[in-house]
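Residue strings, one per chain:
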Amino acid sequence: MPKILLVEDNEMNRDMLSRRLLRKGYQVVLAVDGQSGVEMAQTQAPDLILIDMSLPVLDGWEATRRLKAVAATKHIPVIALTAHAMSGDREKALEAGCDDYDTKPVELLRLLGKIEALLSGNGGEMASSGNPTS
Ligand SMILES: [Mg+2]
């Protein structure tokens, strides 16, 4: 089964979402801040990354920029999660290199649809915005 790296500093959100993903059959690895998220992406080679934008040490935007700047991790699809539904966040996530975007609280079926689309290579909502697929 695909391995998902979940980067989330809020313990309750992290536990809840990881349990739901495990129940769906995904392997889940966890990081609690942006810096360890970047490191885990390199050591764990996940198939997809779910990353909260509001994180300690490195925020989600900076962590994603770093993930997308190196050959070892730039191909891994990244879905940004944020509590802020403001339209500007979407552009900010795209600029940082995120492949898709979802808002919290997570609606599991909607998020699973985005995860499955990216894992199957069909891209996220942002796939048509010029994000390289190789
Ligand atoms: Mg947070």
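See the structure printed just above.
My aim in this report is to walk through the structure given alongside it, one point at a time. As the structure is a prediction and not an experimental result, all values here were calculated from the model. (Residues numbered from 1 in each chain as written. Predicted model: local features only at pLDDT ≥ 70, side-chain atom pairs only at ≥ 80, totals over all residues.)

Focus on the overall build of the protein chain
Counting secondary structure elements, the protein chain contains five helices and five strands. Counted from the first residue to the last, the protein chain has its helices and strands arranged as β-α-β-α-β-α-β-α-β-α. Buried residues in the protein chain amount to 33% of all 134 residues. Sequence-distant contacts in the protein chain: of pairs separated by 6 or more residues, those separated by 24 or more amount to 57%. (Helix = DSSP H or I, 4+ residues; strand = E, 2+ residues; numbered from the N terminus. Buried ≥ 20, exposed ≤ 12 C-beta atoms within 10 Å, placed from the backbone. Contact = placed C-beta atoms within 7 Å.)

Remarks on the pairing of strand 3 (residues 48-52)
With five of its five residues buried, strand 3 lies for the most part within the structure. Burial along strand 3 is two-sided: the residues Leu-48, Leu-50 and Asp-52 and Ile-49 and Ile-51 are all buried. Of the pairings in the sheet, the one linking strand 1 (residues 3-7) to strand 3 comprises four bridges and is parallel in character. Bridge assignment links Leu-6 to a residue of strand 3, and that residue is Leu-50. Sheet topology note: the strand 3/strand 4 (residues 78-82) ladder contains four bridges and is parallel. Each residue of the ladder has a partner; that of Leu-50, found in strand 4, is Ile-79. (Pairing = 2+ DSSP bridges.)

Points about the sheet that holds strand 4
Here we have five strands laid out as an open sheet, ordered 2-1-3-4-5, and parallel in their pairing. Among the strands making up the open sheet, the edge pair consists of strand 2 (27-31) and strand 5 (100-103). Taking each pair of neighbouring strands and ignoring which way they run, the sheet shows an average axis angle of 20°. Sheet topology places strand 4 next to strand 5; four bridges connect them, and they run parallel. Looking across to strand 5, one finds that Ala-80 is bridged to Tyr-101. (Axes fitted to C-alpha atoms, helices over the stretch in contact; angles between N-to-C directions.)

Describing helix 1 (residues 11-23)
Taking 1.5 Å per residue, 13 residues should reach 18 Å; helix 1 reaches 18 Å between its end C-alpha atoms and fits that length. Downstream of helix 1 by a residue or two, Gly-25 has a phi angle that is positive, lying close to 100°. (Expected span 1.5 Å × (residues − 1).)

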